[in-house]
Amino acid sequence: MVDRKARIFMVDDDTDLVDIVRSVLEAAGYEFMSASSATEALDIVNSVGPDLIILDVMMEDLVAGFRVVNHLRNFDAFPQNKAYEGVPILMMTSIQQQTRMKFSQDAGSRLLPIDAFLEKPVKPRVLLEKIAELLHR
Amino acid sequence: MRRPNPDDPSIEGVTAPENRLINHFFHDFKGGLSTVIMCMDALREGIAGPVSEGADRWLDKAERNCQNLVSLIDDFRDLTRMEDGSYQREVEPVDPSALFEALSVRVADEAARRRIQTAFDLPDGLPGPRAGSPLVPRILDRMYGVLVDCTRTAGTLTTQVNIRGTGDRPELVMTIESEGVECDGTRLESVFDKLAQSGAGLQLGRGYTMLFCRAAARYIGGDLRLSPWPGRGTRVDLRLPLAAH
């Protein structure tokens, strides 16, 4: 756990949803930054320096969120991203089954290497609990 | 060209391109609704200051209706996946005791509001928690929503639960009697027909919930049947395997 306020980086193209999550998380004492596409997220992630990433799947294309995960977690292809190894990725999406089935926390798994999955709609309280859990692991 | 589902020839199948189109529509609908629900949740949790009791009551109604739409979207989307074979079979813990406890809570408010007497007659020795299909609690949740709606004010909604099979493959066998709307024996199958459901004049199972419930029950190896309860209402016979399918 970090000493300063934990910084949450949300990547989602639904600006209203981003607004409400920003309000909820800032009220709970987190720093909040956002990007509205996978491309923007990968451009600014280094300057953001997130402690946790909340990621949508379908943005500028059907698998934009998966692309972000691949960049941040495929250290063979992107060794510069090794710094994100311990940064939890919470996928929050309306796509229910296909994401859940591809998600695994097991090291070495060929499934999507994210840390947690929440299906929208998500209650603010549930989101806060999940973030706290991931940050305190 | 449409092709039937190989697992259930009675279900008219959607094609893969149709399924993709439906999935995209549903994703967009659900995304917007999810944001609305989250806004209402945040308001109710005080994000913009205290919410009066009256305002909370209206937010609750709005949220409940949005949630119902999300459920409808999920059900129809998964129905198309079952039809085109892309539904991914999942396993999650299913605890029969907790399941019926949750169902009692699920129907309690609406039943109390309309003075409906509900009863769940459970057998001794319900099987313990096990790895099962998430479709089991979902089918029960959806179906009881419809059944409470179709039970007349001050009527009864009774459920007799039995367990068939032993060892690793027990099944829930349920007979549910709803006093109120008496289904028309000659038109029973129309309850499970999408096109018929888009017409008018249907009673029990109006809408798409019951057809989802039956398709989902059959998908995991169970079944759902309706029959008239002459002069009283409608009887539902439901069989749901508890083991993972």
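As a starting point, this report considers the structure included with it. (Residues numbered from 1 in each chain as written. Chains lettered and ligands numbered in written order. Predicted model: local features only at pLDDT ≥ 70, side-chain atom pairs only at ≥ 80, totals over all residues. Heavy atoms only, no water.)

1. Regarding empty space enclosed by the protein
All names here are of chain A. Here is the rule we go by: Buried and open spaces are told apart on a 1 Å grid over the protein atoms alone, a cavity being a set of points where a 1.4 Å probe fits but cannot get out and a pocket being an open set with protein on both sides within 12 Å along at least five of seven lines. Residues with an atom within 4 Å of a point are the lining residues. Grid points are joined across faces, edges and corners, and a volume is the space filled by probe spheres set on the points. Helix numbers and strand numbers start at the N terminus; a helix is a DSSP run of H or I with at least 4 residues, a strand a run of E with at least 2. Basically, the charged four are Asp, Glu, Lys and Arg, the nonpolar ten are Ala, Val, Leu, Ile, Met, Phe, Trp, Tyr, Cys and Pro, and anything else, Gly included, counts as polar.
Taken as a whole and judged by the stated rule, the model has 1 cavity of 30 Å³ or more. Taken together, Phe9, Val11, Ala41, Leu42, Val45, Ile53, Val68 and Leu72 make up the full set of residues lining the largest cavity. Within the residue set of the lining of the largest cavity, elements represented by two or more residues are β1 (7-11), α2 (38-48) and α3 (64-73). When residues of the lining of the largest cavity are assigned to their parent elements, the largest contribution, 3 residues, is made by α2. When grouped by side-chain class, the residues that make up the lining of the largest cavity number 8 nonpolar, no polar and no charged.

2. Quick notes on the interface of chain A and chain B
For clarity, the threshold we go by: The contact definition used throughout considers only heavy atoms, calling two residues in contact when any of these lie within 4.5 Å. Accessible area that two parts lose when put together, evaluated with a 1.4 Å probe and summed over both, is termed the buried area. What makes a salt bridge here is a side-chain nitrogen of Lys or Arg within 4 Å of a carboxyl oxygen of Asp or Glu, nothing more. Contacts described as polar in this section are N or O atom pairs within 3.5 Å, which, within protein, must combine one atom able to donate a hydrogen with one able to accept it, while residues neighboring in sequence count only if both atoms come from side chains.
At the junction of the two partners, chain A supplies 25 residues and chain B supplies 25 residues. Contact between chain A and chain B buries roughly 2200 Å² in total, counting both sides, with carbon and sulfur atoms accounting for 55%. For the pair chain A and chain B, the number of links is 3 salt bridges. Counting across the chain A and chain B interface gives 5 residue pairs in polar contact (both at pLDDT 80 or more). Counting residues per element, the ones that place at least two in the side of chain A that touches chain B are α1 (15-27), α4 (97-101) and α5 (124-135) of chain A. In terms of residue count, the dominant contributor to the side of chain A that touches chain B is α1 of chain A (7 residues). Partitioning the side of chain A that touches chain B into residue classes produces 13 nonpolar, 5 polar and 7 charged.

Without other data, these values stay purely geometric and don't point to any function.
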